[in-house]
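Geometric and topological summary
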Amino acid sequence: RKPSSEQLNEVKEGEDEGGDDEGEEDEDPIDPFEVPEGALEKAMWLITRPIDFSLYYTIPQCGIEEKKHLYLVAFFMSLVWIAVYAYLMVWWIIIMGSALNFNSTVMGLTVIAAGTSIPDALSSVAVAREGYGDMAVSSSIGSNVFDILIGLPIPWMIKTGIIDGFESEVPIKSDYLLAQTI
């Protein structure tokens, strides 16, 4: 049996009057100048200042009504910062591996792989606990698809097309290429 139009209007009125909004919190925009309370929180606040300020001043906060139209700028600036942080992370891992006398391949396959997979796993667990199992699965698949379709080809296209010209070749040096692709 379908609900009557009066019942539907009652439901809509209840929503308009501030009905049950579980899970939907109105968060204020992040203020990087606000100092937290505890000692550990203050230490983390101080350590993350360079990152917070760089993101705060270069990425528009689309949660503010006047800046909602800048969502594409925010998206592309987020991609720029991801690229910058990824470059720095790889560079620092290579330096750390050299200092500890580890092969850069070993460092890449362990430290960087774990550092990039653990946040995805934690976010999938968090949304699965909220009852969104399909979102957890699509998140894990979607991030890998994005990495393969965007993260790998764009740097290769920049290197082979822009930096070296279109006549360049990228040598692949692997004794186990067949085993790795199977």
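Residues numbered from 1 in each chain as written. Predicted model: local features only at pLDDT ≥ 70, side-chain atom pairs only at ≥ 80, totals over all residues. Heavy atoms only, no water.

**Notes on the overall build of the protein chain**
Where we set the bar: Put simply, DSSP marks the helices as runs of H or I at least four residues long and the strands as runs of E at least two long, and each gets a number from the N terminus on. Burial here depends on accessible area, computed with a 1.4 Å probe over protein chains only, as a share of the maximum for the residue type. Under 20% is buried, over 50% is exposed, and the range in between is partly exposed. Contacts were defined at the residue level, with two residues in contact if any of their heavy atoms lie within 4.5 Å.
What the protein chain contains, in helices and strands, is eight helices and zero strands. Walking the protein chain from its N terminus toward its C terminus, one meets helices and strands in the order α-α-α-α-α-α-α-α. Residues classed as buried in the protein chain amount to 8% of the 182 residues present. Taking the contacts inside the protein chain whose residues are at least 6 apart along the sequence as the reference set, 21% of them involve residues at least 24 apart.

**Here we look at the packing of helix 4 (residues 71–99) against helix 5 (residues 104–129)**
Put simply, the rule reads: Here, axes are lines fitted to C-alpha atoms. For helices the fit covers the stretch in contact, and angles between N-to-C directions go from 0 to 180 degrees. Orientation labels follow simple angle bins: below 35 degrees gives roughly parallel, above 145 gives roughly antiparallel, 65 to 115 gives roughly perpendicular, and whatever is left gives oblique. Helix crossings get a hand from a simple test, with the near helix turned counterclockwise from the far one by less than a right angle marking a left-handed crossing and a clockwise turn marking a right-handed one. By the convention adopted, Pro, Cys, Tyr, Trp, Phe, Met, Ile, Leu, Val and Ala count as nonpolar, Lys, Arg, Asp and Glu as charged, and the other residues, Gly among them, as polar.
Relative orientation of the contacting elements helix 4 and helix 5 amounts to 135°, with a least axis distance of 10 Å. Between helix 4 and helix 5, the angle is such that the two are oblique. With respect to the hand of their crossing, helix 4 and helix 5 are arranged in right-handed fashion. Each of M89, V90, I93, I94, M96 and G97 in helix 4 lies in contact with helix 5, whose residues at this interface are S104, M107, V111, I112 and T116. Split by residue class, the contact of helix 4 with helix 5 holds eight nonpolar, three polar and no charged.

**Section: the layout of surface pockets**
The criterion, for reference: Note on definitions: the grid is 1 Å and covers protein atoms alone; a cavity is a set of points where a 1.4 Å probe fits but cannot get out; a pocket is an open set with protein on both sides within 12 Å along at least five of seven lines; lining residues have an atom within 4 Å of a point. Grid points are joined across faces, edges and corners, and a volume is the space filled by probe spheres set on the points.
Taken as a whole, the largest pocket holds about 1,100 Å³ of empty space. In terms of lining residues, the largest pocket is bounded by 26 residues, among which A86, D147, G151, L152 and P155 are the most central. For the lining of the largest pocket, the secondary-structure elements that each account for two or more residues are helix 4, helix 5, helix 6 (133–151) and helix 7 (153–163). Looking at the lining of the largest pocket, its residues break down into 14 nonpolar, seven polar and five charged.

**Brief notes about helix 4**
Quick reminder of the rule: Given a helix with a known number of residues, its expected span is that number minus one, times 1.5 Å.
Between its first and last C-alpha, helix 4 extends 42 Å over 29 residues, near the 42 Å set by a 1.5 Å rise per residue. Along helix 4, the residues that are buried comprise A74, W81, I93 and G97. The inward-facing, buried residues of helix 4 contact helix 3 (49–58) and helix 5. Positioned one or two residues after helix 4, N101 has a phi angle of 65°, which is positive.

**With respect to the packing of helix 3 against helix 4**
Taken N-terminus to C-terminus, the directions of helix 3 and helix 4 make an angle of 155°; their axes are 10 Å apart at the nearest point. Between helix 3 and helix 4, the angle falls in the class roughly antiparallel. Here the hand of the crossing between helix 3 and helix 4 comes out right-handed. Each of I51, S54, L55 and T58 in helix 3 lies in contact with helix 4, whose residues at this interface are M77, W81 and Y85. Of the residues assigned to the contact of helix 3 with helix 4, the class counts are five nonpolar, two polar and no charged.

**Focus on a negative patch on the surface**
For clarity, the cut-off: To count toward a patch, a residue needs a relative accessible area above 30% and no salt bridge. Like charges then connect within 9 Å, nonpolar side chains (Val, Leu, Ile, Met, Phe, Trp, Tyr) within 5 Å. Areas reported as accessible are Shrake-Rupley estimates using a 1.4 Å probe. Residue values count occlusion only from the protein chains shown. Whenever Lys or Arg places a side-chain nitrogen within 4 Å of a carboxyl oxygen from Asp or Glu, that contact is recorded as a salt bridge. When charges are counted, neither His nor the chain ends are considered; positive counts come from Lys and Arg and negative counts from Asp and Glu. Lysine's charge is taken at NZ, arginine's at CZ, aspartate's at CG and glutamate's at CD.
Taken together, the side chains of D31, E34, E37 and E41 present a region of like negative charge at the surface. Relative to the helices and strands, E41 resides in helix 2 (residues 39–47).

**Let's talk about the pattern of salt bridges**
What the rule picks out here adds up to one salt bridge. Between R49 and D52 there is a salt bridge, with its nearest N and O atoms 2.4 Å apart. Here R49 pairs with D52, and both are found in helix 3, just three residues apart, close to one helical turn. You can call R49 buried: its relative accessible area is 9%. Relative accessible area serves as the criterion here: at 28%, D52 is assigned to the partly exposed category.

These figures come from the coordinates and say nothing about function on their own.
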